[in-house]
Amino acid sequence: MSVIAFIGVGNMGGPMARNLLKAQEQVRAFDVSPAALKPVLEAGAKQANTALDAVKGADVVVTMLPAGSHVHSVYLEDASILSAARKDALLIDCSTIDIETARAVHVMAERSGFDFLDAPVSGGVGGAQAGTLAFMCGGSDKAFARAKPVLEKMGKRIVHAGGAGAGQAAKICNNMLLAISMIGTCEAFALGEKLGLEHQKLFEIMSAASGQCWSLTSYCPVPGPVPAAPSNRNYAGGFATSLMLKDLKLAQNAALSAGANTPLGAEAEQLYSLFDSKGHGAMDFSGIIKMLRGEM
Ligand code: NAD
């Protein structure tokens, strides 16, 4: 049994920490929100009063924080956890953040002698609860080898994408593609509706033809063809538009600094920005079909 410090036990970190407890690990949890901490403490985690208290003596430290600024403050600012963690502790950041901050944390962690991995996830809250997340990891072979057995207690696919920041890079490339394919799928259904096609018929044709993609066959944005998709519950739950927009902004910033040409990624960011600004940030991202139809 290892002692795992878990910092940030919100919508994703909470169920991830609970899966570590289910796997018989000892979890020491810290979150600035008492409401977020409560269910994790009820599941058996020990409460830490600060991030520094959480990491003292821990074998592994997992962080699952909202954005790069939070990761920066926990790892790189005054009273950083790097000053309090045991020197042989393994550090894993599962938050989705900008590549620059991820690389800066790698540099500082390695300078202080730690194995550190950036390991953002896909799979959403459902995947966090079910323990079926996919982890995209960036860091050394040694850090990855140490982290894999820990991550396997919270996820199903653990992939070593490359060196420092490669996990974040893979995550934003994937989500940029997802946003573009979702908008394309929505446009195809919206056009099909105007041309008098039935949803189910168009679904059957496209899913067996060259338009086939995950946004269509696993997450269909119109109700009916894929019963588990959020379109069947008026786009409640699922992957919030505000989180998709966050990832698209990260992708556009990365494209700008790397000099990559991503015109459809830029357009997707604009469309999700507009949808979010109309007050639909909490709606599943496939709900953008309503805006494309002119309904909202
Ligand atoms: P969340 O806001 O529910 O949880 C984040 C938690 O971190 C909150 O409980 C907050 O109080 C806590 N926190 C903030 N600053 C802190 C600090 N300095 N010290 C300790 N705790 C602090 O967010 P979430 O949905 O759990 O997402 C976490 C990360 O996972 C984000 O980077 C997000 O982009 C990524 N992600 C989310 C989803 C999703 O579907 N929710 C899917 C994939 C990836």
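Residues numbered from 1 in each chain as written. Predicted model: local features only at pLDDT ≥ 70, side-chain atom pairs only at ≥ 80, totals over all residues. Heavy atoms only, no water.

Please explain the overall build of the chain as it appears in this structure.
On a plain count of helices and strands, the chain comes out with 13 helices and nine strands. Over its C-alpha trace the chain gives a radius of gyration of 20 Å, about what one expects of a compact globule, namely 19 Å for 296 residues. The principal-axis extents of the C-alpha atoms in the chain amount to approximately 65 × 45 × 35 Å. A total of 296 residues make up the chain; the buried ones form 50% of that total. (Helix = DSSP H or I, 4+ residues; strand = E, 2+ residues; numbered from the N terminus. Rg over C-alpha atoms; globule rule 2.2 N^0.38 Å. Buried < 20%, exposed > 50% of the residue type's maximum accessible area, 1.4 Å probe, protein only.)

What is the right way to read the side chain of D247 from this model?
Take D247: it is sitting in helix α11 (residues 241–258). For the buried D247, no salt bridge exists, and the shortest N-O distance to an oppositely charged side chain is 4.0 Å, to K171. (Lys, Arg positive; Asp, Glu negative; His and termini not counted. Salt bridge = Lys/Arg side-chain N within 4 Å of Asp/Glu carboxyl O.)

Is there a simple way to think about the nonpolar core in this case?
Across soluble globular proteins, you tend to see nonpolar side chains buried next to one another. Membership of the largest hydrophobic core comes to 35 residues, with the highest contact counts inside it found for F189, M244, L248, Y272, F285 and I288. For this core, the secondary-structure elements that each account for two or more residues are α8 (166–194), α9 (199–207), α11, α12 (263–280) and α13 (288–292). Examining the composition of this core, we find that eight residues originate from one element, α8, more than from any other. Once residues within four sequence positions are removed from consideration, M244 is found in contact with N175, L178, A179, F239, Y272 and F285. Grouped together as the second largest cluster of nonpolar side chains are 33 residues, I4, M12, V27 and A143 included. (Core = buried A, V, L, I, M, F, W, Y, C linked by side-chain atoms within 4.5 Å. Contact = heavy atoms within 4.5 Å.)

Please clarify how the domain arrangement of the chain should be interpreted in this entry.
In many analyses, interface size is given as the accessible surface area lost on bringing the parts together. Looking at the chain, the domain boundaries give domain 1 (3–163) and domain 2 (169–292). If you average the C-alpha positions of domain 1 and of domain 2, the two centres end up 29 Å apart. Domain 1 puts twelve residues into the contact, and the matching count from domain 2 is nine residues. Summed over both partners, the interface of domain 1 with domain 2 comes to about 740 Å²; 68% of that surface belongs to carbon and sulfur atoms. When residues of domain 1 are sorted by the area they lose upon contact with domain 2, T96, I99 and M136 head the list and together hold 54% of the total. (Domains from an automatic or database assignment. Buried area = accessible area lost by both parts, 1.4 Å probe.)

Looking at this structure, how should I read the site of the ligand?
Looking at the ligand, there are 24 residues lining it, with N11, M12, D31, L65 and K246 nearest. Contacts to the ligand include N11, whose backbone N or O atom sits 2.9 Å from an oxygen atom. One of the backbone nitrogen or oxygen atoms of M12 is found 2.8 Å away from an oxygen atom of the ligand. Mapping the ligand onto the cavity grids shows that it belongs to the largest pocket. Within the residue set of the shell around the ligand, elements represented by two or more residues are α4 (68–76), α6 (124–130) and α11. Here the residues of the shell around the ligand sort into 13 nonpolar, eight polar and three charged. (Near = heavy atom within 4 Å. Polar contact = N/O pair within 3.5 Å; in protein donor to acceptor, adjacent residues only side chain to side chain. 1 Å grid on protein atoms, 1.4 Å probe; cavity = no way out; pocket = protein on both sides within 12 Å on 5 of 7 lines; lining within 4 Å. Sits in = over half its atoms within 2 Å of the grid points. Nonpolar A, V, L, I, M, F, W, Y, C, P; charged D, E, K, R; others polar.)

Help me understand the layout of surface pockets, please; the structure alone is not making it clear to me.
Of the pockets and cavities examined, the largest pocket occupies roughly 1400 Å³. Surrounding the largest pocket, 49 residues form its lining, M12, G124, V125, F239 and L243 being those nearest its centre. Among the elements of the structure, α4, β7 (121–122), α6, α8, α10 (214–217) and α11 are those that each provide at least two residues to the lining of the largest pocket. Taken together, the residues of the lining of the largest pocket sort by class into 24 nonpolar, 20 polar and five charged. (Points joined across faces, edges and corners; volume = space filled by probe spheres on them.)

Please explain the packing of α8 against α9 as it appears in this structure.
A pair of packed helices is captured by two measures, namely the crossing angle of their axes and the spacing between those axes. Two elements in contact, α8 and α9, have axes separated by 10 Å at closest approach and are oriented at 130°. By the angle between their axes, α8 is oblique relative to α9. The two elements α8 and α9 cross, and the hand of that crossing is right-handed. When α8 is examined against α9, the residues A188, F189, G192 and E193 are found in contact with a partner set consisting of H199, L202, F203 and M206. Class assignment of the residues belonging to the contact of α8 with α9 gives a composition of five nonpolar, two polar and one charged. (Axes fitted to C-alpha atoms, helices over the stretch in contact; angles between N-to-C directions. Parallel < 35°, antiparallel > 145°, perpendicular 65-115°, else oblique. Left-handed = near helix turned anticlockwise from the far one by under 90°.)

When you look at the pattern of salt bridges in this model, what are you seeing that I'm missing?
Proximity of charged atoms lets side chains of opposite charge pair with each other. Using the criterion set out here, one finds eleven salt bridges in the structure. Across the pair R146 and D115 runs a salt bridge whose closest N-O atoms are separated by 2.9 Å. With R146 in helix α7 (residues 141–151) and D115 in strand β6 (residues 115–118), this pair connects stretches of sequence that are 31 residues apart. Given the relative accessible area of 11%, D115 is considered buried. Put simply, E193 and R293 hold a salt bridge, and the shortest N to O gap is 2.8 Å. Of this pair, E193 sits in helix α8 while R293 sits in the segment after α13, placing them 100 residues apart in sequence. The partly exposed category is assigned to E193, whose relative accessible area is 27%. Note on R293: relative accessible area 26%, which makes it partly exposed.

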